[in-house]
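Each chain, letter by letter, is given below.
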Amino acid sequence: MEKLIRCVLNLMKVEFVSQILHKSSVTSKALTADLNRTVPFGQDVSQMGQKCPKKNRSQWDILILTAKYGMGHYTASVSLKQELENENINVKVADFFEIIFPKIKTIIYDIFNLLVSKCSTIYNFFYKFSTNNNMAPFKKIMKKRIDKLIKENNSDIIISTFPVCSKYISAYKKMNNTNIKLYTYVTDVEVNKEWLTDETDAYFVASTETKNQMLNYGILENKINVVGIPVGKEFKEKIYAKSKNEIVIMGGGLGLIPNMENTISNLLKNDDIHITLLTGKNQKLFEKYNNKYTNMTVVGYTNEVYKYMKKAELIITKPGGITLFEAIYSKTPIYVLNPFLSQEIGNAKFIENNGIGKVIWDKNEDVTQDILDLLENQTELKIMRDNMQEIKSSLEKLTVLDIYRKAGVEIC
């Protein structure tokens, strides 16, 4: 496995990643130990999720499995937890890679961050490769860990917000012949086939376009629910009054926005423009811009994105699935520059097709005047906000618990 990782890194031709491997002292033996670490078998879980729990239990237990690739999948999971706990349900969010590969999860995430930030062509290659690859290796070894995970959390329902989680729980259900419910939330508008598994009981998807794509893949219509992508409840509460010429610029949890330096500089030459720059966990970006301009506010990683997004007239951002629906619920039009990751290209097309923002496909285009013109065009901005409202109104108002009840299972 280590040789495989090094091979990928050599293809990247990036020297410092090899130093990550060296510093982390990851060896083939450590990886083997990680996979074969003895995990005691728990109770028989084959009957879990089939009937009402014992009457002395006041809550149902839901386990949400996710991964911290970027922060979108994890953020969606936290939003789901927030939503379901409002119904007096016990919910736990777990990082699947932390459970399955505790010794090398940091390496896995470091490689992902590198691919996204420095080697997007290689990332897109692997993304497209995964479309036709539905393998779940090490299934027998993983079965032990999943057994233990379900027992420890007394899980009645499993929700997945990441395709690998769906693959392994689906494989687990087949191997154990168990009826424990698996519900998958697809966190992008364009669905990759890697999300689709034989043992998923229901899918929760972003849009009618996503549903139609899944129907073309052969998924039964009664398994697909168009609910949008989960966002925090704060985004769904009242809309703030928009501050004129207020722009939010953000690039997700990693704070990655390519080729923005000249655009920011040119926009801020206009004294009536104010920019809030959300840098996420990108400390280098925070330090670069903090206190540099009088008409710019720089904010590091925050759990209060909704405050800034709801007040803005425009958001300039990467078109991640979570950010897309946060903007829709905030009714803040979206401006996208040169989307380059495969799934984000699909999200960008959704923005264009639904008239909720603008996408600039040419990375060399000077967009300063175009942004200023859009801010001046209140009619166009209103049309975009109205289109966002239509999308919100079209979404089904249901949760996994509603689907569970439809299946005839009593929730005590």
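Below: a short report on this structure. What you see is a predicted model, and the numbers here were worked out from it, not measured in a lab. (Residues numbered from 1 in each chain as written. Predicted model: local features only at pLDDT ≥ 70, side-chain atom pairs only at ≥ 80, totals over all residues. Heavy atoms only, no water.)

**Quick look at the overall build of the protein**
Operational definition: Think of it this way: any DSSP run of H or I at least four residues long counts as a helix, any run of E at least two long counts as a strand, and we number them from the N terminus. Only protein chains enter the accessibility calculation, which uses a 1.4 Å probe; a residue whose area is less than 20% of its type maximum is buried, one above 50% is exposed, and one in between is partly exposed. Calculation of accessible area relied on Shrake-Rupley with a 1.4 Å probe; when residues are assessed, cover is drawn exclusively from the protein chains displayed.
Helix and strand content of the protein: 19 helices and twelve strands. Each of the 412 residues in the protein was classed as buried or not, and the buried ones make up 53%. Summed over its atoms, the accessible surface of the protein is roughly 19,600 Å², and 49% of this surface lies on carbon and sulfur atoms.

**Side note on the packing of aromatic side chains**
Convention followed: Ring geometry is summarised as follows: Phe, Tyr and Trp rings, the Trp one being its six-membered ring, pair when their centres sit within 6.5 Å, and such pairs are stacked at plane angles under 30 degrees, edge-to-face over 60 and tilted between the two.
Using the criterion set out here, one finds five aromatic pairs in the structure. Ring geometry for Tyr-183 and Phe-204: centres 6.1 Å apart, planes at 90°, overall edge-to-face. With Tyr-183 in strand E4 (residues 181–185) and Phe-204 in strand E5 (residues 202–205), this residue pair connects regions lying 21 residues apart in the sequence. Cluster of aromatic residues (ring-pair linked, three or more members): Tyr-183, Tyr-185 and Phe-204.

**Quick word on the sheet that holds strand E8 (residues 274–278)**
Selection rule: Following DSSP output, two strands are said to pair if at least two bridges run between them. To obtain each axis, a line is fitted to C-alpha atoms, and for helices this fit is confined to the stretch in contact; angles are then taken between N-to-C directions over 0 to 180 degrees. Working rule for contacts: check all heavy atoms of both residues, and any pair within 4.5 Å makes them a contact.
Ordered in space as E9-E8-E7-E10-E11-E12, the six strands form an open sheet in which the pairing is parallel. At either end of the open sheet lies a strand with only one pairing partner, and these are strand E9 (296–299) and strand E12 (357–360). Taken pair by pair, the neighbouring strands of this sheet meet at an average axis angle of 15°, ignoring direction. Strand direction decides the pairing type here: strand E10 (residues 314–317) and strand E11 (residues 334–337), joined by three bridges, are parallel. Of the residues in E11, the one forming a bridge with Ile-316 is Tyr-335. On top of the sheet, helix H15 (residues 321–330) reaches strand E7 (246–250), E10 and E11; it is set at about 175° to E10, its chief contact.

**Regarding unusual backbone geometry**
For Asn-177, which is not glycine, the phi torsion reads 50° and is therefore positive. Although it is not a glycine, Asn-338 adopts a positive phi angle of roughly 45°. In this fold, Asn-338 is placed in the loop between E11 and helix H16 (342–353).

**A closer look at the sheet that holds E5**
As summarised here, the arrangement of the six strands in space is E2-E1-E3-E4-E5-E6, forming an open sheet in which the pairing is parallel. The open sheet is flanked by strand E2 (90–95) and strand E6 (224–226), the only strands paired with a single partner. If you compare each strand with its neighbour and ignore which way they point, the axes differ by 20° on average. Strands in contact with helix H9 (residues 163–176) are strand E1 (61–66), strand E3 (157–160) and E4; relative to E4, the strand with the most contacts, it is inclined by about 165°.

**A short note on the nonpolar core**
Stated precisely, the cut-off is as follows: Residue types Ala, Val, Leu, Ile, Met, Phe, Trp, Tyr and Cys, when buried and joined through side-chain atoms within 4.5 Å, form a set referred to as a nonpolar core.
Counting 41 residues, the largest nonpolar core has Met-214, Leu-324, Phe-325, Ile-328, Ile-334 and Ile-356 as its most contacted members. When residues of this core are traced back to their parent elements, those giving at least two are E5, E6, E7, helix H14 (305–311), H15, E11, H16 and helix H18 (378–394). The residues touching Ile-356, leaving out its near neighbours within four places in the chain, are Leu-324, Ile-328, Pro-333, Ile-334, Phe-350, Ile-351, Met-384, Asn-387, Met-388 and Ile-391. Counting 25 residues, the second-largest nonpolar core is a separate cluster that includes Met-260, Leu-277, Tyr-335 and Ile-360.

**Quick notes on the pairing of E10**
Counted only if it meets this: Crossovers are described as right-handed under a simple rule: with the strands pointing away from the observer, the path leading from the first strand over the helix to the second runs clockwise.
Burial along E10 is two-sided: Leu-314 and Ile-316 facing one way and Ile-315 and Thr-317 facing the other are all buried. Crossover handedness for the path E10 to H15 to E11: right-handed.

**Regarding the pattern of salt bridges**
Put simply, the rule reads: Note on definitions: salt bridges are taken to be side-chain nitrogens of Lys or Arg within 4 Å of carboxyl oxygens of Asp or Glu.
One pass over the structure, following the stated rule, counts eleven salt bridges. Here Lys-148 ties to Glu-152 by a salt bridge, and the two come within 2.4 Å at their closest N and O atoms. Here Lys-148 and its partner Glu-152 are both found in helix H8 (residues 139–153), four residues apart, which amounts to about one turn of the helix. One salt-bridge network, in which partners are shared between bridges, spans Lys-173, Lys-181 and Asp-201.

**A short note on a negative patch on the surface**
The line we're drawing: A patch is a set of surface residues, each over 30% in relative accessible area and not in a salt bridge, joined within 9 Å for like charges and within 5 Å for the nonpolar side chains Val, Leu, Ile, Met, Phe, Trp and Tyr. Positive: Lys, Arg. Negative: Asp, Glu. His and the chain ends are not part of the count. Here the site of a charge means NZ on Lys, CZ on Arg, CG on Asp, or CD on Glu.
Judged by side-chain charge, Asp-271, Asp-272, Asp-373 and Glu-376 come together as a negatively charged surface patch. Within the element layout of this structure, Glu-376 appears in helix H17 (residues 368–376).

**Some thoughts on the pairing of E5**
Of the two faces of E5, the one carrying Ala-202 and Phe-204 and the one carrying Tyr-203 and Val-205 are both buried. Across three bridges, the pairing between E4 and E5 is parallel. In the sheet register, Tyr-183 faces E5, and the bridge partner there is Ala-202. Handedness of the E5-helix H10 (residues 208–216)-E6 crossover: right-handed.

**Brief notes about the environment of Tyr-306**
Tracing the backbone shows Tyr-306 in helix H14. Since its relative accessible area comes to 13%, Tyr-306 is described here as buried. As a C-alpha pair, Tyr-306 and Glu-237 span 69 residues in sequence and 9.8 Å in three-dimensional space. Residues contacting Tyr-306, with those up to four places away along its chain left out, are Glu-234, Phe-235 and Tyr-240.

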